[in-house]
Amino acid sequence: MKKKKVALLGGSFDPIHWGHLNMAKAALEHLKVDEVWFIPSNQTPLKDRVLSPAADRLAMVRLALKEDPRFKISTVDLSRNGKSYTFDTLKILKKQFPEVEFAWLMGADQANQFDQWKNADQLLEMADFAVVDRDGKEPESSRFNFKRIPMVYTPVSSSEIRKGEKINFLPESVRQYLLDHELYLVAWVSRHVSAKRLAHSASVARLCRMFAKAHGLDEHKAWLAGLFHDVAKDMPINEQKKWVAAINPAGLSEHHAIWHGYAGSEIVRRNFGIEDPVIQNAIFNHVKGTSYDPYAMIVFAADKLDPLRGYDSKPLISACMLDLYNGFMLVKRENREFLDREKRVLAEKESF
Ligand SMILES: [Fe+2]
Ligand SMILES: [Fe+2]
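Residues numbered from 1 in each chain as written. Chains lettered and ligands numbered in written order. Predicted model: local features only at pLDDT ≥ 70, side-chain atom pairs only at ≥ 80, totals over all residues. Heavy atoms only, no water.

K.L.:
What am I meant to see in the packing of aromatic side chains here?
P.N.:
Within the structure shown, the criterion is met by 15 aromatic pairs. Ring centres of Phe114 and Phe146 lie 5.0 Å apart, and the angle between their planes is 75°; this geometry places the pair in the edge-to-face category. Of the two residues, Phe114 is situated in the loop between α4 (108–112) and α5 (120–126) and Phe146 in the loop between β5 (128–133) and β6 (147–150); the sequence distance between them amounts to 32 residues. This pair shows no difference in class: Phe114 is buried, exactly as Phe146 is. A centroid spacing of 6.3 Å and a plane angle of 40° characterise the contact between Tyr292 and Tyr325, whose relative ring orientation is tilted. (Phe/Tyr/Trp six-rings, centres within 6.5 Å; stacked < 30°, edge-to-face > 60°. Helix = DSSP H or I, 4+ residues; strand = E, 2+ residues; numbered from the N terminus. Buried < 20%, exposed > 50% of the residue type's maximum accessible area, 1.4 Å probe, protein only.)

Structure, rendered in structure tokens:
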């Protein structure tokens, strides 16, 4: 009987993306394997950062596997403690599946370090090692003569995605998982705003969550709207103008300080895939407080009452905790009075 052929792809998958999936597709096509098994790794001491929880990484791999029925998952590394050496992983799998012929997939960078792998020479007898040309980089010549297979050029790394770059290289279901489970999102926002504004955004998000909890609303939704509410604020005014012209041309006649709300409501949809109209509406209206949807009231109030603004906002926070509508109206009145005062001061200055 013909042996089943399986290619193995190990990685931290923090998160899994199209680079990994295209590597697996290349193995199906060029190595003629029947299946590809993804093996999420354990926390390894060599990594210079703490990985996202194993449960999240595993869940994301599971979602991505829906891209092809021949993609499977193996928890062989996750189910044992300590560093996962390929040698041990292969030994366990070969014992568990004696009827399977294994191939091991690597990128050029891993192939270049193969000498340092535990029991490198023995490994070559345990499986076929194949180098996938995932970034167009040539592996350096070495004493190992690995089989090389081409793959669709997919220039992305997990670390880029963690920073909020190249999000379009995520399978749709994985991107949604990241949003739902609040993974990497603070880093995503940090790419677009100053450190000070990021601190404000995170603080507003916390307050939004607190208000939502107090009123039996969706805490995660409120947090998300709060975190992203100022995502367009540090964008050059000319850029903001383009977004406003595209989605709310009437807004162009308003003061440009208001534009970032309009622009942000569309940026979260286009750039981050936040399709929830309630979140978009809350961001759209957060500057002037022009929506009475509870999430919009929450974001408006939390933005103005952010404890980092440096005034005593506790009484109004308490008012919002007690009665959202009433609190919101009080914040709106305070805000209007504040703006009127500012205008008067400005007018007085100009009259001199
Ligand atoms: Fe704002
Ligand atoms: Fe703000």
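K.L.:
Looking at this model, I keep getting lost on the pattern of salt bridges. Mind explaining?
P.N.:
Working definition: two side chains of opposite charge can pair if their charged atoms are close together. Evaluated as defined, the whole model comprises 17 salt bridges. As a salt-bridge pair, Glu35 and Lys4 come within 3.4 Å of each other at their nearest N and O atoms. Of the two residues, Glu35 is situated in strand β2 (residues 35–40) and Lys4 in strand β1 (residues 4–11); the sequence distance between them amounts to 31 residues. In this structure, the salt-bridge partner of Arg309 is Asp303, at a minimum N-O distance of 2.9 Å. (Salt bridge = Lys/Arg side-chain N within 4 Å of Asp/Glu carboxyl O.)

K.L.:
Where do I start with the coordination of the iron ion (ligand 1) in this structure?
P.N.:
Under ideal tetrahedral coordination, the four donors around a metal are separated by 109.5 degrees; under ideal octahedral coordination, the six donors are separated by 90 or 180 degrees. At 2.1 Å from the iron ion (ligand 1) lie its protein donor atoms, namely Asp230 (OD), His260 (NE2) and His286 (NE2). Sequence spacing among the residues donating to the iron ion (ligand 1) works out to D-x29-H-x25-H. (Donors = N, O, S within 2.8 Å, 3.2 Å for Na, K, Ca; no water.)

K.L.:
What am I meant to see in unusual backbone geometry here?
P.N.:
With an omega dihedral of 5°, the bond running from Asp14 to Pro15 counts as a cis peptide bond. Phi angles above zero are rare outside glycine, and Glu182 is one such case at about 60°. For Tyr184, which is not a glycine, the phi torsion comes out positive at approximately 65°. Here Tyr184 lies in the loop between α7 (172–180) and α8 (185–190). The class for Tyr184 is buried, based on a relative accessible area of 12%.

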